[in-house]
Amino acid sequence: MFIFAQILGAIALLILVLSFQKNEKQSLLKYQIGSSIFFAAQYLFLQAYTGCLMNLTCALRNILFKKYDKEKVPIYLLIFIVFIMLILSLFSYTGPISLLPCIACILYTISIWQSNLKVTRIVEVISCSLYIIYNIKVLAYVGLVSTMIELISALIAIYRFDIKKDYK
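Residues numbered from 1 in each chain as written. Predicted model: local features only at pLDDT ≥ 70, side-chain atom pairs only at ≥ 80, totals over all residues. Heavy atoms only, no water.

J.: How should the overall build of the protein chain be read in this particular structure?
T.: Across its full length, the protein chain carries 7 helices and 0 strands. Listed by position from the N terminus, the elements making up the protein chain come as α-α-α-α-α-α-α. Here the protein chain has a C-alpha radius of gyration of 15 Å; the compact-globule value for 168 residues is 15 Å, and the two agree. Put simply, 68% of the contacts in the protein chain that link residues at least 6 apart link residues at least 24 apart. Carbon together with sulfur atoms contributes 73% to the accessible area of the protein chain, which is approximately 8,700 Å² in total. Seen as two clouds, the 15 positive and the 7 negative side-chain charges of the protein chain have centres 2 Å apart. (Helix = DSSP H or I, 4+ residues; strand = E, 2+ residues; numbered from the N terminus. Rg over C-alpha atoms; globule rule 2.2 N^0.38 Å. Contact = heavy atoms within 4.5 Å. Areas by Shrake-Rupley, 256 points an atom, 1.4 Å probe, with all protein chains shown as cover. Lys, Arg positive; Asp, Glu negative; His and termini not counted. Charge placed at Lys NZ, Arg CZ, Asp CG, Glu CD.)

What follows is the structure, encoded as structure tokens:
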């Protein structure tokens, strides 16, 4: 099961890296739905239940948020998703390390709720940092590599869409 979990993480990685090369919120969310499902399965096979539950909640969040294409996602929906993340994190709590995915997912949820993709990309860098620690603890080796590549991908996207654009 350990090897299978690592394969699922590799598939999630590929989908996730593709998502950060999108400059449209709808495309980014669509790719991240698939990525979250594969990451959830990876954590399930590693018995890292907080990571699994947070990724399933992220998939649900992205499905719900994707429905609001031209209008802002209502704040009650943001509060609902954050509440679910908190409850599931408490339910699956195994120690302070298990809080890291919850914090990362809540921060990222708030960042995609607002409409500035520059903020979203910056928060993704923070979320990756938290997941790097978690992945080391739960032995998600491909997840760790995935998170590092995701971090690099987010930094490249920040350069492409935020820094480089500002200097033209």
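Now, onward.
J.: What is the right way to read the side chain of T147 from this model?
T.: Relative to the helices and strands, T147 resides in helix 7 (residues 141–166). On the basis of relative accessibility, which here comes to 4%, the residue T147 falls in the buried class. Apart from residues lying up to four places away in sequence, T147 is in contact with C128, Y131, I132 and N135. (Buried < 20%, exposed > 50% of the residue type's maximum accessible area, 1.4 Å probe, protein only.)

J.: I tried to follow unusual backbone geometry on my own but got confused; where do I start?
T.: When glycine is set aside, most residues are seen to have a negative phi, and most peptide bonds are trans. Residues other than glycine seldom take positive phi values, yet Q47 does so here, at roughly 60°. Inspection of the secondary structure puts Q47 in the loop between helix 2 (25–45) and helix 3 (49–66). Using a relative accessible area of 58% as the deciding quantity, one classes Q47 as exposed. Here L139, not a glycine, exhibits a phi torsion of approximately 65°, which is positive. Following the sequence through the fold, L139 ends up in the loop between helix 6 (117–137) and helix 7.

J.: Even after reading the chapter, I still don't get the pattern of salt bridges, so can you show me in this structure?
T.: Side-chain pairs of opposite charge can arise where the charged atoms are in close proximity. The final tally for this structure, using the stated rule, is 1 salt bridge. Across the pair D162 and R121 runs a salt bridge, and its minimum N-O distance is 2.8 Å. Placement of the pair is D162 in helix 7 and R121 in helix 6, with a sequence separation of 41 residues. According to the relative accessible area criterion, D162 is buried, its value standing at 5%. By relative accessible area, R121 is classed as buried at 6%. (Salt bridge = Lys/Arg side-chain N within 4 Å of Asp/Glu carboxyl O.)

J.: Explanation requested: the packing of helix 5 (residues 99–113) against helix 6 in the structure shown.
T.: For any two helices packed against each other, one specifies the crossing angle of their axes together with the interaxial distance. At a closest axis distance of 9 Å, the pairing of helix 5 and helix 6 adopts a crossing angle of 170°. By the angle class used here, helix 5 and helix 6 are roughly antiparallel. Where helix 5 approaches helix 6, its residues L100, P101, I103, A104, C105, L107, Y108, S111 and I112 are matched on the opposing element by V119, T120, V123, E124, I126, S127, L130, Y131, I133 and Y134. Classifying every residue of the contact of helix 5 with helix 6 gives 15 nonpolar, 3 polar and 1 charged. (Axes fitted to C-alpha atoms, helices over the stretch in contact; angles between N-to-C directions. Parallel < 35°, antiparallel > 145°, perpendicular 65-115°, else oblique. Nonpolar A, V, L, I, M, F, W, Y, C, P; charged D, E, K, R; others polar.)

J.: Would you take a moment to explain a nonpolar patch on the surface for this structure?
T.: On the surface, F2, I3, I7, I11, L139 and Y141 cluster together into a nonpolar patch covering about 550 Å² of accessible area. With 4 residues, the top contributor of residues to the nonpolar patch is helix 1 (residues 2–19). L139 sits in the partly exposed class, given a relative accessible area of 40%. (Patch = residues over 30% accessible without salt bridge, like charges linked within 9 Å, V, L, I, M, F, W, Y side chains within 5 Å.)

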